[in-house]
Amino acid sequence: MSDPLGLIRSATSGGSSPLAGGARLAPGAPSFKDVLLQNIDEVNKLQQDATRAVEDLQAGRRNDVEGVMLATAKADTAFKALQAVRNRVMEAYDEIKQIRV
Amino acid sequence: MYGSLDISVSGLIAQRTRMQVIAANIANINTLEDAQGNYSPYLRRSVMFAPGDPAAKSPQGREMGVQVEQIKIESEALTRRLMPGHPYADKDGYVMVPDINPVVEQLNAMEASRAYEANIAAAEAAKAMMSQALRLLA
């Protein structure tokens with residue numbers, strides 16, 4: 001799993017590390033970080049697919065407009081979904097930031 | 001997640017192929033020779049669709065899409081036309097010409113175009129559903 005910035009500490013080591021509030025991750029369940037990075041990888045792959053499809057269409061290497069439309073629609077939806085998740089996470093972070101200690 | 005889009009795209013490709021076959025039929029309505037210049041009247045082509053699209057990326061697309069199973073050459077699609085003095089006329093002055101009715105072909109072309117539009121509409125609806133679901137999240 002790529003962690004280009006190394007910012008997210010792994011939430012679990014063997015599924016036994018205690019989380020906030022005493023909650024425990026089910027054994028074998030992937031951590032939030034793993035899921036997020038996997039999704040970022042997938043979105044990146046879809047974006048690259050779409051870019052390549054558009055390039056191929058313009059260079060005349062393929063002639064199915066429909067396939068290019070499909071690739072761009074997939075990349076667009078996937079990116080929007082990732083952005084929605086990111087906005088939600090940032091919202092939660094902002095709310096935590098507001099808590100007075 | 002993208003199953004319905006894959007299915008709609010397989011429909012788009014199938015209808016585009018159908019449109020190409022109709023265009024070929026209209027273009028060759030008066031074709032009497034083959035590429036080598038021998039007498040061989042053009043035979044009408046028709047597309048045969050079958051369920052399932054092996055080229056689709058998602059399992060739903062592979063199972064529920066549509067594919068062009070074959071482009072059938074109709075071996076009987078010839079008609080006799082009286083053209084006395086024509087190089088290929090028989091002793092009674094008849095020539096075997098492609099049995100292609102331009103009205104039928106135009107109607108098929110219109111149907112293919114409308115079916116293409118319907119697939120576009122289905123794809124748009126699927127995309128709208130996805131972005132509406134995202135609005136719930138955002």
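To start, this report covers the structure provided alongside it. (Residues numbered from 1 in each chain as written. Chains lettered and ligands numbered in written order. Predicted model: local features only at pLDDT ≥ 70, side-chain atom pairs only at ≥ 80, totals over all residues. Heavy atoms only, no water.)

## Re the overall build of chain B
Move 1: Scanning chain B from N- to C-terminus turns up three helices and four strands.
Move 2: Taken from the N to the C terminus, the helices and strands of chain B come in the order α-β-α-β-β-β-α.
Move 3: Expressed as lengths along the three principal axes of its C-alpha atoms, the size of chain B is roughly 80 × 25 × 20 Å.
Move 4: Every one of the 138 residues in chain B was classed for burial, and the buried ones make up 31%.
Move 5: Across chain B, the fraction of contacts at a sequence separation of at least 24, relative to all contacts at a separation of at least 6, is 59%. (Helix = DSSP H or I, 4+ residues; strand = E, 2+ residues; numbered from the N terminus. Buried < 20%, exposed > 50% of the residue type's maximum accessible area, 1.4 Å probe, protein only. Contact = heavy atoms within 4.5 Å.)

## Thoughts on the pattern of salt bridges
Residues and elements named next belong to chain A.
Move 1: The final tally for this structure, using the stated rule, is 14 salt bridges over all chains.
Move 2: Close ionic contact of Asp76 with Lys80 constitutes a salt bridge, the shortest N to O distance being 3.3 Å. Highlighted residues: Asp76 and Lys80, both in helix α2 (residues 65–98), separated by four residues, approximately one helical turn.
Move 3: For Lys80, a relative accessible area of 39% corresponds to the partly exposed category.
Move 4: For Glu91, the salt bridge is made with Arg88, and the minimal N-O distance between the two is 3.8 Å. In this pair, Glu91 and Arg88 are both assigned in helix α2, three residues apart and thus about one turn of the helix distant.
Move 5: For Glu91, a relative accessible area of 43% translates into the label partly exposed. (Salt bridge = Lys/Arg side-chain N within 4 Å of Asp/Glu carboxyl O.)

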